[in-house]
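What follows is the residue order along each chain.
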Amino acid sequence: MLALAPVMAIILSLVIGRYPVSLSAIGQVVLNKLHLANYQVAQVHTVLIWDIRLPRAILGALVGACLAVSGAAFQGLFRNPLVSSGILGVSSGAGFGAALAIILFHGNTSATYGFAFAFALLAVLLSYMIGQVYNTTPTIMLVLGGVIVSSVFSSLISFTKYVADPYRELPSIVFWLMGSLATASYRDIMVAGIPMLVGLVGLMGIRWRINVLSMGDKEAHALGVNLKLDKGIVIFSATLATAGAVCVSGIIGWVGLIIPHICRMLVGNDNRVLIPSSMALGACFLVLVDDIGRIITGSEIPLGILTALIGAPFFVWLLKRTKGGGW
Amino acid sequence: MLALAPVMAIILSLVIGRYPVSLSAIGQVVLNKLHLANYQVAQVHTVLIWDIRLPRAILGALVGACLAVSGAAFQGLFRNPLVSSGILGVSSGAGFGAALAIILFHGNTSATYGFAFAFALLAVLLSYMIGQVYNTTPTIMLVLGGVIVSSVFSSLISFTKYVADPYRELPSIVFWLMGSLATASYRDIMVAGIPMLVGLVGLMGIRWRINVLSMGDKEAHALGVNLKLDKGIVIFSATLATAGAVCVSGIIGWVGLIIPHICRMLVGNDNRVLIPSSMALGACFLVLVDDIGRIITGSEIPLGILTALIGAPFFVWLLKRTKGGGW
Amino acid sequence: MHLLELNDAGFTYPQQRDAVFSSINLRVDRGEIFCLLGPNGCGKTTLLDCILGIHRLDQGRIKVNGEDARHFRPGEIAKHVAYVPQRHENTFPYTVIDMVKMGRAVYTGRFSSPSDIDKEQAKKALEIVGMMHMRHRPFTQLSGGEAQLVMIARALAQQTSLIIMDEPTAHLDFKHEMLVMETIVKLVRETDMSVLMATHFPNHTFYFENRDIPIRVALMHDHTFLESGKPTEVLREDNIGRIYRVKARLAEFAMEEGSLRQLIPLRTLTAEDNCDESQY
Amino acid sequence: MHLLELNDAGFTYPQQRDAVFSSINLRVDRGEIFCLLGPNGCGKTTLLDCILGIHRLDQGRIKVNGEDARHFRPGEIAKHVAYVPQRHENTFPYTVIDMVKMGRAVYTGRFSSPSDIDKEQAKKALEIVGMMHMRHRPFTQLSGGEAQLVMIARALAQQTSLIIMDEPTAHLDFKHEMLVMETIVKLVRETDMSVLMATHFPNHTFYFENRDIPIRVALMHDHTFLESGKPTEVLREDNIGRIYRVKARLAEFAMEEGSLRQLIPLRTLTAEDNCDESQY
Amino acid sequence: SPDKKNPEKTAEESSITLTDTLGRKVSVPRKIERVACLYAFTGHVTVMLGQGEKIVAVPGGLKRDVLLNQICPTIKNASVPSSNESINIEELLRVKPDLVLINRQTGINKDETAKLDRFDLPYLVIDFQSMEEQRRAVNIIGKVLSAEKEALAYSEYYLDCIKRVSERVKDIPEDQRLRVYHSVNEATRTDPPNSLPADWMKTAGLINVSVNQTLRLIEGKNFASLEQILLWDPEVILVNEPGVAEYILKNTQWSSLNAVKTQKVYQMPVGISRWGHPGGLETPLALLWTAQLLYPEQFMDMDIKQESRTFYKEFFDLQVDDATLDRILAGQGMRLTREQGGETR
Ligand SMILES: Nc1ncnc2c1ncn2[C@@H]1O[C@H](COP(=O)(O)OP(=O)(O)OP(=O)(O)O)[C@@H](O)[C@H]1O
Ligand SMILES: Nc1ncnc2c1ncn2[C@@H]1O[C@H](COP(=O)(O)OP(=O)(O)OP(=O)(O)O)[C@@H](O)[C@H]1O
Ligand SMILES: [Mg+2]
Ligand SMILES: [Mg+2]
């Protein structure tokens, strides 16, 4: 059921768009591509449905799922409901990596992805090292470490912008940071999809352990948890997922903080249910919001604008209904 | 002693800058302006020292003090060390107000300040209302409410940018949001200084109460605290302070989160000491960082870059030394 | 005029169907100890919270010093009643003395900090519970019992005519338990203070009774007071059996200090021992 | 081979000058109860934490089931020892049954969730402490005592041969206290389990002794074990006086169930009662 | 490529190949009926070349140009398929352009161009950082829109202006050339080297104080600090945003500058576009206007009003009345406000 919702959302987004395509044409394209039929369809329709709308919807679903689920996992791990997917500096690390690669390799795409990814991991590693300074209460320090690292990388991003060639490099950096699903291609799905999927699978697998980890270090240890390893897996998976997402879509706020909370209100705090629900809701949410952004005006409304504007009323309504769900 | 440090920092910044002015000239300008002497000095020196460097340093000190102290107060009030001065949506509210005013009144400065300020308050009010939904555990909901409101206003900012005239309005909006002390004038100090000072005085006054409030609602009530009123005073003061700061300097991150933590490590968590220390350190930090930014290149490196790059190593070093100071 | 008076009090948590308690009548006078006894989850803490104004009664009314508590300004209750909570959630690592000083909040203007007098009072309170030597330690690093003593000191610093204590001796060792008991006795005797406490130890009530302190005890059960009165009258073996489903023996020792009553639990009752149809 | 063995154990908190304890020797065998008694802040919790591997000993060594605990993989200790902490800090409002299921973590693969068997075990554990009817309530909304029972159920669900309990009956009412005691007796008797517990109630140890459970007790004082052995041997009036500075009376009742020993605190000792130079 | 779609025609007949400003060789249909101008400058040029009705897509800002909408009312109906240099390809496809004109930022962004490539939409990148490049850019657009004649006319006028100005200022000795600070939109935003303003100001015999100085670069825009401006102490300040001149003249912080003391702070005119702006079309006029303003002795005989009138008449077929001309020269009122129906999207 949970898996079905995002699929429905993806199918819906094949139908939606400024360029009018008839339902039958869409069906024909899909059947053709699945080798189930061989209709004559206009090339523009094929490209539009199969190379523009479909990869965009798939990527949107992946990104949404990754951000939401990482947020949920980090909240559980750090026992702090205000934590979001970017908390350990993943986003700004990735941003800096990309900016650096653009300057060093003049926008070679693989290098950009690679650097973005490597620096996302580096940021998390640095946060972790700062968090280790005082090892009896590592959580708060880890999160603070993340904030620090995050801010340093943000500053470094500004710095690269400051030194970048304004005609050649700067525009690419700005574009990259702004991010968008608009340019999604199967190549993006291939490249960034791997870490995202690994992250998603990792978090799905370890989801119950997050419950146990949220008991606090002392109790979790006494309950038989290998703290370093299990925390490491959660952090690593969430980092992979977020880094992958940021690589293709830029920095999208909100989803990684609020979707988990919406899910908490809907299904409770047990991560066994929370993690898959966050995934599904995150995916649906981002795909649908992106659909709305694509159709309401001619020029696309950036995702970041809509996520909050559409999500916030929903959140408040839910809050009123569930009275906060036990918090 | 604590009051002295920012004054020293301000005096220091009179001396520092790209434009070479002799110490004696500086002294003469200051003595002239204080009506203690009547030297013949070049007008450019007078303008530079008295109309450019001095207001800039004063404003920097005020802004730094306001952001740091609001962060410290909010952390205590919300019993969450990850909370910062912008938590209730003050910054983005102010940003949206300004953007709106720029579009509606074509950049009339008073209107811009007024709107920025009004929307900052509105944002906090909205956060507060969301937080009231479930009134037995209002803190977490209040903070989440702040995050929501904050993100909505950020989106609205993007939205105004999206609909603004790219030639006339957009540049003003961007410029306003970027913020800078570079154009600080006495008028800014007059206009934004009033809410900032009121906020600072309010927080200084109520600082011990923040200790009591941080015991949690139940205990604070039993200790004789009028929760609504005292929380209201803290929130209102911190909001005034932050809103004033954001109005003149744009959105400066970091200071409102990290300076309080640095102070916690240095002087402990008692708000009687923490609040004035945060004020002093915040003020010194921002003034000195701004000084550094002014001199290391011909043009200025944006404040946001330097705060993090200079502050982070200091924070980590302190962390290592104090081992987190009891956290 | 009673120090504290509850008439026909009732309370239900929002979103919960059943009332936690109802038709509760209670009176605490000056220089008196009132003990609430009852099974886990019977509503002792909730009742205390209602008295403190943390929850609002759905029914009935509370009078403190003859005044209707509903007319109190927020926080005013703290002038009359101090509170030792059952559990304290740590946040910032305040020092012990700073924690105790917070007990002086009600005497401190909104915009001022504790004065020297307040500091003295805080120190005095710490001395009473014997924690002066730890006054500069972070509260978060105390052992469970040490923390409890500090919380009691904080309530003492508040200098009210009534202290509400929620299981004040939980986590306390033999000595500190005794110390708290003796402190209560001393305060009640010498300063005419009153104590309203929730406790799980019937023997505490006997201790007070033995020292001739005016003491009353209420057995809370089935959403209301089953019985209240002198410990010896209320804490009978049959009542204990009915409420707790525990077979206990009320023993009496003759000692040089006088005779001493002790309620000694022996074993839980099973269905076969059925003494009445209480729901437990 | 002992279930648990400590040799010459010592520990100091970082940045603290004095050792919390040193030269501690302790042995717990199968089917035995071992009680730690000692004043607040003497280091009971810290000692238990060291055994659980939460802190690392500065000195000495710990053997669990004959294996040196230093060679355990992280978390492996949970196969041998379950833990009921002194205080639990709430974060997310998990339901009661979900809390108890966490006790099954050690039997659950890293990448899997509790199986049906685990669920059954969790339910069984909840039944033992009598909290089945609350299994769907949020843990954060329980009363203090109810929460304590759930924590005990969680430890039971872990099905280890040793359970470490830190003041397990604090916050429990008469019935639940009895219930926990009886549960411990039953478990020790029937399943050959062992319990190592810190407690402030000497009478608990007498209770166990009375039921002929192998029980030993250690009196912790002045950074080490003052004495350890059978309760009747260790918990003498003079020892109590020395450690707690409390005058207590060891009374004996004759009952139909057999004779029953009870240590009854009478009053704290003052300087005049000086019995020895213990620092307390 | 288009010949795939129309196999019956040969490539020579149906398309022409030309090089855009990025140096790309692009094959575009010979006959262009629908053009998407995603860069404002290209919209201005297309209208100037008399091809305004062919415009099917514009950036939002273009809908608020007063003069442009007066000349070519159909712009109101054009689609707005891009924002922040990002193209909504479906919207663009919907208006079926034969050609897309984009700016450099979009052009060097592989993700954006990939969108166009996928649907075989031919596009030209139009960009310039000097006067020569600007002329070339106009010529390219002229060629592709089959309006080479009109483009050439503009280009020749442009060259003529350059010649007229540089001849008269060439004898001004280096040390008598005026040192000018050019404020772009915001008071402290100014020109880097290798920009159109740097080029035309040099030609106008001026020393642009910010060229070859380190500037603070924020989001692609260059800013100077106040102290830096004090150090430069320009003799003249040119601004192109209404209100900024007033601000500079009134603010004490700027009061010690020579330019302020002598009241030499001037608002540049705004017509179709901002005169002298890095992306402005009226660069030749800006050249004349500035040169005459600052070196009046050398340009006694020139009537800038007449020049402007002729310019708009000749290149835009627009008869500007005196009131409009005054507003153009004062730099006021050339943008539609929201209320005036200048809805951008
Ligand atoms: N915030 C809450 N929301 C809903 N129900 C609650 C809440 N807090 C407590 N309860 C329930 O109300 C009942 C009474 O709780 P209370 O804490 O008053 O019991 P208590 O008598 O103090 O118990 P104990 O002796 O264990 O401390 C319990 O069943 C408890 O689960
Ligand atoms: N994290 C810590 N850092 C430094 N000192 C600590 C820390 N935790 C506890 N202590 C100190 O170590 C000593 C032993 O504490 P511990 O909690 O082990 O006592 P305990 O015997 O369990 O007491 P109680 O019976 O009150 O629970 C106390 O003096 C306490 O203040
Ligand atoms: Mg209770
Ligand atoms: Mg302990």
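Here the structure is shown first, and the text comes after it.
My aim in this report is to walk through the structure given alongside it, one point at a time. (Residues numbered from 1 in each chain as written. Chains lettered and ligands numbered in written order. Predicted model: local features only at pLDDT ≥ 70, side-chain atom pairs only at ≥ 80, totals over all residues. Heavy atoms only, no water.)

All right, on to the relation of the copies chain D and chain C then. Here chain D sits on chain C after a turn of 180° about the axis and a move of 0.0 Å along it, with an RMSD of 0.0 Å. Here the copies are linked by what is in effect a two-fold axis. Measuring from the rotation axis to each C-alpha of chain D, the shortest distance belongs to A170 of chain D, at 2.7 Å. By residue overlap, the copies meet face to face through one surface: 100% of the interface positions of chain D are interface positions in chain C. (Least-squares fit on C-alpha atoms with pLDDT ≥ 70 in both. Contact = heavy atoms within 4.5 Å.)

Residue and element names in this part refer to chain A. Along the chain, D291 turns up in helix α13 (residues 271–295). Of the residues examined, D291 reaches a relative accessible area of 3% and is grouped as buried. Those residues in contact with D291 that lie beyond four places of it in its chain are A9, L12, S13 and I16. (Helix = DSSP H or I, 4+ residues; strand = E, 2+ residues; numbered from the N terminus. Buried < 20%, exposed > 50% of the residue type's maximum accessible area, 1.4 Å probe, protein only.)

So, about the environment of A184 of chain B. If you trace the backbone, A184 of chain B turns up in the loop between α7 (169–178) and α8 (186–213). A184 of chain B gets classed as buried once you look at its relative accessible area, which sits at 2%. A184 of chain B sits 173 residues away from I11 of chain B along the chain, and the two C-alpha atoms are 16 Å apart. Residues contacting A184 of chain B, with those up to four places away along its chain left out, are D51, P55, R56 and L59 of chain B together with Q253 of chain E.

Taken together, 21 residues surround ligand 1, and among them T45 and T46 of chain C together with R137, S143 and G145 of chain D come closest. Note that an oxygen atom of ligand 1 is positioned 3.4 Å from one of the backbone N or O atoms of C42 of chain C. Within the backbone of G145 of chain D, one N or O atom sits 2.7 Å away from an oxygen atom of ligand 1. Burial of ligand 1 by the surrounding chains reaches 86%, relative to a free accessible area of 640 Å². Contributions of two or more residues to the shell around ligand 1 are made by α1 (44–52) of chain C together with α4 (144–157) of chain D. Of the residues belonging to the shell around ligand 1, the class tally is five nonpolar, twelve polar and four charged. (Near = heavy atom within 4 Å. Polar contact = N/O pair within 3.5 Å; in protein donor to acceptor, adjacent residues only side chain to side chain. Areas by Shrake-Rupley, 256 points an atom, 1.4 Å probe, with all protein chains shown as cover. Nonpolar A, V, L, I, M, F, W, Y, C, P; charged D, E, K, R; others polar.)

So, on to the site of ligand 2. R137 and S143 of chain C together with K44, T45 and T46 of chain D are the nearest of the 21 residues found near ligand 2. At the site occupied by ligand 2, the surrounding residues belong to chains C and D. Here Y13 of chain D contributes a side-chain N or O atom positioned 3.2 Å from a nitrogen atom of ligand 2. Class assignment of the residues belonging to the shell around ligand 2 gives a composition of five nonpolar, twelve polar and four charged.

Before going further, it helps to examine the interface of chain D and chain C. Taken together, the contact between chain D and chain C spans 54 residues of the former and 54 residues of the latter. Between chain D and chain C, roughly 4700 Å² of surface is buried when both sides are summed, and carbon and sulfur atoms account for 56% of that area. Contact with chain C buries area across many residues of chain D, yet N40, H171 and F174 of chain D alone supply 17% of it, more than any other trio. Run the count over chain D and chain C and you get 17 residue pairs in polar contact (both at pLDDT 80 or more). Mapped onto the side of chain D that touches chain C, the elements with two or more residues apiece are α4, α5 (174–191), α6 (202–210), α8 (237–244), β11 (246–255) and β12 (258–268) of chain D. Taken together, the residues of the side of chain D that touches chain C sort by class into 24 nonpolar, 15 polar and 15 charged. (Buried area = accessible area lost by both parts, 1.4 Å probe.)

The next point concerns the packing of aromatic side chains. Inspection of the entire model under this criterion finds 38 aromatic pairs over all chains. Judged by centre distance (5.9 Å) and plane angle (80°), the rings of Y154 of chain E and F315 of chain E are edge-to-face. A residue pair is termed long-range when its members are at least 10 positions apart, and Y154 of chain E in helix α9 (residues 148–169) and F315 of chain E in helix α15 (residues 304–316) qualify at 161 residues. On the basis of relative accessibility, which here comes to 0%, the residue Y154 of chain E falls in the buried class. A relative accessible area of 7% means that F315 of chain E is categorised as buried. Through a chain of ring-to-ring contacts, the aromatic side chains of Y154, Y157, Y158, F311, Y312, F315 and F316 of chain E assemble into a single cluster. The side chain of R211 of chain C reaches across the aromatic face of Y207 of chain C, ending 3.8 Å from its centre. (Phe/Tyr/Trp six-rings, centres within 6.5 Å; stacked < 30°, edge-to-face > 60°. Lys NZ or Arg CZ within 6 Å of the ring centre and 35° of its normal.)

On to the interface of chain D and chain A, then. Contact with chain D, which involves 40 residues of that partner, is made by 33 residues of chain A. In total, chain D and chain A occlude about 3000 Å² of area from one another, counting both sides; carbon and sulfur atoms represent 60% of this. Among the residues of chain D in contact with chain A, F92, Y94 and R110 of chain D are the three that bury the most area, contributing 24% of the side total. Linking chain D to chain A there are four salt bridges. The partner of D98 of chain D in a salt bridge is R272 of chain A, and the shortest N-O contact between them spans 3.2 Å. (Salt bridge = Lys/Arg side-chain N within 4 Å of Asp/Glu carboxyl O.)

Once that is clear, we can look at the sheet that holds strand β10 (residues 207–208) of chain E. Remark on secondary structure: sheet strands pair via backbone hydrogen bonds, oriented parallel or antiparallel. All names here are of chain E. Spatial ordering of the open sheet is given by β10-β9-β13-β14, a layout of four strands whose pairing is parallel. Of all the strands in the sheet, just β10 and β14 (265–267) have a single pairing partner and so form its edges. As paired elements, strand β13 (residues 236–239) and β14 share three bridges and run parallel to each other. By the bridge assignment, V239 is partnered in β14 with Q267. Its contacts with the sheet put helix α14 (residues 283–294) on β9 (179–183), β13 and β14, and the angle it makes with β14 is roughly 150°. (Pairing = 2+ DSSP bridges. Axes fitted to C-alpha atoms, helices over the stretch in contact; angles between N-to-C directions.)

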